[in-house]
Amino acid sequence: VQLQASGGGLVQAGGSLRLSCSASGRTASITAIGWYRQVPGKQRELVAILSTGDSTNYADSVKGRFAVSRGNTKNTVHLQMNSLKPEDTAIYYCYAEERVGIDSYEDYWGQGTQVTVSS
């Protein structure tokens with residue numbers, strides 16, 4: 001599975017940005033796709049994820065402000081980020097989980113995209 005992320009950039013606090021991620025390759029067995037983020041010196045953390053059946057899971061810090069959704073194709077996912085705060089500044093990584101066995105999964109990561117929110 002290959003993941004190609006786009007979007008990101010610099011925005012003022014209160015503004016909006018949209019990230020997009022397209023998956024290619026062995027996508028039929030993807031069970032979850034979404035976004036993580038990482039600040040230098042800290043662990044990578046879940047932002048938002050779409051799982052089988054289109055169930056969603058969000059970090060508490062982004063609930064009500066961010067929305068993850070599928071694009072026009074099943075293998076594309078968007079992250080709409082509204083009411084951005086300086087603490088949302090991070091490198092955002094597209095993530096996908098592929099089921100490779102009965103109870104076996106493989107994780108895939110896209111290249112990071114910088115999101116910077118100025119105060």
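Residues numbered from 1 in each chain as written. Predicted model: local features only at pLDDT ≥ 70, side-chain atom pairs only at ≥ 80, totals over all residues. Heavy atoms only, no water.

Undergrad: Give me the lowdown on the pattern of salt bridges, citing residues and values where you can.
TA: Counting across every chain of the model gives 6 salt bridges. For Arg70, the salt bridge goes to Asp54, with nearest N and O atoms at 2.7 Å. Here Arg70, found in strand 7 (residues 66–70), pairs with Asp54, found in the loop between strand 5 (45–51) and strand 6 (55–58); they are 16 residues apart in sequence, far enough to count as distant. Arg70 gets classed as partly exposed once you look at its relative accessible area, which sits at 29%. When salt bridges that share partners are traced, they join Arg37, Glu45, Arg65 and Asp88 into one network. (Salt bridge = Lys/Arg side-chain N within 4 Å of Asp/Glu carboxyl O. Helix = DSSP H or I, 4+ residues; strand = E, 2+ residues; numbered from the N terminus. Buried < 20%, exposed > 50% of the residue type's maximum accessible area, 1.4 Å probe, protein only.)

Undergrad: How would you summarise the packing of aromatic side chains if you had to cite specific residues and measurements?
TA: Any two aromatic rings considered together are summarised by their centre-to-centre distance and by the angle between their planes. Inspection of every chain in the model, using the stated rule, returns 3 aromatic pairs. Seen from their ring centres, Tyr36 and Tyr95 are 5.2 Å apart, and the 65° between their planes marks the pair as edge-to-face. Placement of Tyr36 in strand 4 (residues 30–38) and of Tyr95 in strand 9 (residues 90–101) is noted, with a sequence separation of 59 residues between them. Summarising the aromatic geometry, the rings of Tyr36 and Trp109 are spaced 5.1 Å apart at their centres and angled 75° between planes, so their arrangement reads as edge-to-face. (Phe/Tyr/Trp six-rings, centres within 6.5 Å; stacked < 30°, edge-to-face > 60°.)

Undergrad: I'd love a proper account of the sheet that holds strand 7, names of residues and values included.
TA: Taken together, 4 strands build an open sheet; the order of strands is 1-3-8-7 and the sheet is antiparallel. The open sheet terminates on both sides in strands that have one partner only, identified here as strand 1 (2–7) and strand 7. Looking at each pair of strands side by side, their axes are set apart by 15° on average, direction ignored. Bridging between strand 1 and strand 3 (residues 17–24) involves 6 bridges; their strand directions are antiparallel. Bridge pairing in strand 3 places Gly7 opposite Leu19. (Pairing = 2+ DSSP bridges. Axes fitted to C-alpha atoms, helices over the stretch in contact; angles between N-to-C directions.)

Undergrad: Which residues make up the environment of Gln43, and what are the values?
TA: By secondary structure assignment, the location of Gln43 is in the loop between strand 4 and strand 5. Along the primary structure Gln43 and Thr116 are separated by 73 residues, whereas in three dimensions their C-alpha atoms are 18 Å apart. Among residues more than four places away in sequence, those in contact with Gln43 are Arg37 and Gln38. (Contact = heavy atoms within 4.5 Å.)

Undergrad: Please provide a residue-by-residue account of unusual backbone geometry, values included.
TA: In the Ramachandran plot, Asp54 falls in the positive-phi region, its phi being about 65° despite a non-glycine side chain. Its identity is not glycine, yet Ser83 carries a phi of approximately 50°, on the positive side. Accessibility expressed as a relative area gives 41% for Ser83, which makes it partly exposed.

Undergrad: How would you explain the nonpolar core if you had to name every residue and give the values?
TA: Core analysis: the biggest nonpolar cluster contains 30 residues, and Leu3, Trp35, Val47, Phe66, Leu79, Met81 and Tyr92 have the highest contact counts within it. Once residues within four sequence positions are removed from consideration, Met81 is found in contact with Gly15, Ser16, Leu17, Leu19, Arg65, Phe66, Tyr92 and Val115. (Core = buried A, V, L, I, M, F, W, Y, C linked by side-chain atoms within 4.5 Å.)

Undergrad: An account of the state of the cysteines is requested, with residue identities and associated values reported.
TA: Going through the model one piece at a time under the given rule, you end up with 1 disulfide. Two residues share a disulfide in this structure: Cys21 and Cys94, whose sulfurs sit 1.8 Å from each other. Between Cys21 and Cys94, the S-S torsion sits near -80°, and that sign places the bridge as left-handed. Placement of the pair is Cys21 in strand 3 and Cys94 in strand 9, with a sequence separation of 73 residues. Cys94 carries the same exposure label as Cys21, and that label is buried. (Disulfide = S-S within 2.5 Å.)

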